[in-house]
Amino acid sequence: MIGHVGLGVLVGLGLAFATRVCIYRTRWALAMHREAHATMAHLGAGALAFLALAPAVVEEIAFRGAALPLYGLLASSALFAVVHLGPRARHAPWAVLAFGAGLAFAHLAQRTGGLAAPIAAHATMNLLNLRHIARYSI
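Since we're looking at a predicted model, the values are computed, not measured.

Student: Would you explain the overall build of the protein in this entry?
Tutor: When its secondary structure is counted, the protein shows five helices and zero strands. For the protein, the α and β elements follow one another from N to C terminus as α-α-α-α-α. Relative to the 2.2 N^0.38 estimate, which gives 14 Å for 138 residues, the radius of gyration of the protein is 15 Å and therefore close to what a compact globule would have. Counting only C-alpha atoms, the protein reaches 40 × 30 × 25 Å along its principal axes. Of all 138 residues assigned to the protein, the portion counted as buried reaches 38%. Restricting the contact set of the protein to residue pairs at least 6 apart, pairs at least 24 apart contribute 74%. Split by element, the accessible area of the protein, about 7,500 Å² in all, is 72% carbon and sulfur.

Okay, structure coming up:
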């Protein structure tokens, strides 16, 4: 189990790095960062940790624990992407990234036979991304 969590953390680190690349190389991700920073800059470490962990656990139970066995890799990842679409058309690239993350999380669930690795990956990615959003006005 510890190995699965470690694998998940490594995948989460990679996904957080990919997010950083998007923020510093694309206008749409930079705009989303700035928009989110305006609402998160005041949050403390505890709130950020909660906002990182709660969705990771709930979404992994729903999408990898329930939807993946029922609908398969592609459909469960597509559902995950739709949930992350956002209210505006400019958020569509975020949904594409969510689809890719969903594929990675689903692969972890299938490879390890459980949810510890995808939860660890999702929580790691969320925490690093939320801390970056809250800390840096770019």
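Student: Sorry, what's going on with the environment of T26 here?
Tutor: Inspection of the secondary structure assignment puts T26 in the loop between helix 1 (2–25) and helix 2 (27–40). Spatially, the C-alpha atoms of T26 and A104 are 22 Å apart, while their sequence positions differ by 78 residues.

Analysis parameters
Residues numbered from 1 in each chain as written. Predicted model: local features only at pLDDT ≥ 70, side-chain atom pairs only at ≥ 80, totals over all residues. Heavy atoms only, no water. Helix = DSSP H or I, 4+ residues; strand = E, 2+ residues; numbered from the N terminus. Rg over C-alpha atoms; globule rule 2.2 N^0.38 Å. Buried < 20%, exposed > 50% of the residue type's maximum accessible area, 1.4 Å probe, protein only. Contact = heavy atoms within 4.5 Å. Areas by Shrake-Rupley, 256 points an atom, 1.4 Å probe, with all protein chains shown as cover.

Shape is all these values report; function is a separate question.
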